[in-house]
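Take a look at the letters that make up each chain.
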Amino acid sequence: MKPSSPARTQDPLHPATFQQRTNSMLHSPDRLSEVNQQAKPSVFGFVRDLPIRGRAQGGDEGSLVIEEQPIDWTYRPADLQGVHGAFAVFVTGDSMEPKYKNQDIAYIHPTQPIRRGRYVLVETTEHSGFIKKFDRWDGDTLVVKQFNPTKDIRIARNKVRKVMMVIGSLDA
């Protein structure tokens, strides 16, 4: 068996290094802390494989257009690893500050159930869209909250195409 090169074995996430440190841990329990510190997984993937598929306007007259082809690519956060159809959008405008600022990247989970008090991307049947704080469905009306200016926005259910959970963001 050929020994690993010194450069690879110095990488704490390289399988050979991890195995070597794990084996040594069996003989020296004091090394457990060192191994755990060096083997922490990344919060984001290693490849820019998450499509950025549009820009979400901040105001209630949003102009989200989800593009067929990505306009850019970003790193996939851990919560979207393996999620088919996941994507990101650029935030435009200041209506959701301080939570989301102009040019932040918002990560969208297309199938996660929406919950009161969480942020959502609303796409209307007219292909406009925006990011707001989900409040409730009031009969046949979607009620979301905006920060700047503070107000409730009400949209008839027949005007709503999709409501998708925003699971996080990256500051611009």
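Just so it is clear, the model here is predicted, and its values are computed rather than measured.

S.K.: How should the packing of aromatic side chains be read in this particular structure?
M.R.: Inspection of the entire model under this criterion finds two aromatic pairs. Taken together, Tyr100, Tyr119 and Phe147 form an aromatic cluster joined through their ring pairs. The side chain of Arg53 reaches across the aromatic face of Phe87, ending 5.7 Å from its centre. For the cation-ring pair, Arg157 lies above Trp137, with the distance from its terminal atom to the ring centre recorded as 3.9 Å.

S.K.: Quick question: what am I supposed to make of the side chain of Arg76 here?
M.R.: Within the fold, Arg76 resides in the loop between strand E2 (72-74) and strand E3 (87-92). Only 3.1 Å separates the side chain of Arg76 from the backbone oxygen of Leu80, close enough to count as a polar contact.

S.K.: Looking at this structure, I do not really get unusual backbone geometry. What am I missing?
M.R.: Phi is mostly negative for residues that are not glycine, and the peptide bonds are mostly trans. The residue after Glu97, namely Pro98, is reached through a cis peptide bond having omega 15°. Assignment of secondary structure puts Pro98 in the loop between E3 and strand E4 (105-109). Cis rather than trans, the peptide bond between Asn148 and Pro149 has omega equal to -10°. Phi at Gln103 is positive, roughly 75°, even though this residue is not glycine. Mapping Gln103 onto the fold places it in the loop between E3 and E4.

Thresholds applied
Residues numbered from 1 in each chain as written. Predicted model: local features only at pLDDT ≥ 70, side-chain atom pairs only at ≥ 80, totals over all residues. Heavy atoms only, no water. Phe/Tyr/Trp six-rings, centres within 6.5 Å; stacked < 30°, edge-to-face > 60°. Lys NZ or Arg CZ within 6 Å of the ring centre and 35° of its normal. Helix = DSSP H or I, 4+ residues; strand = E, 2+ residues; numbered from the N terminus. Polar contact = N/O pair within 3.5 Å; in protein donor to acceptor, adjacent residues only side chain to side chain.

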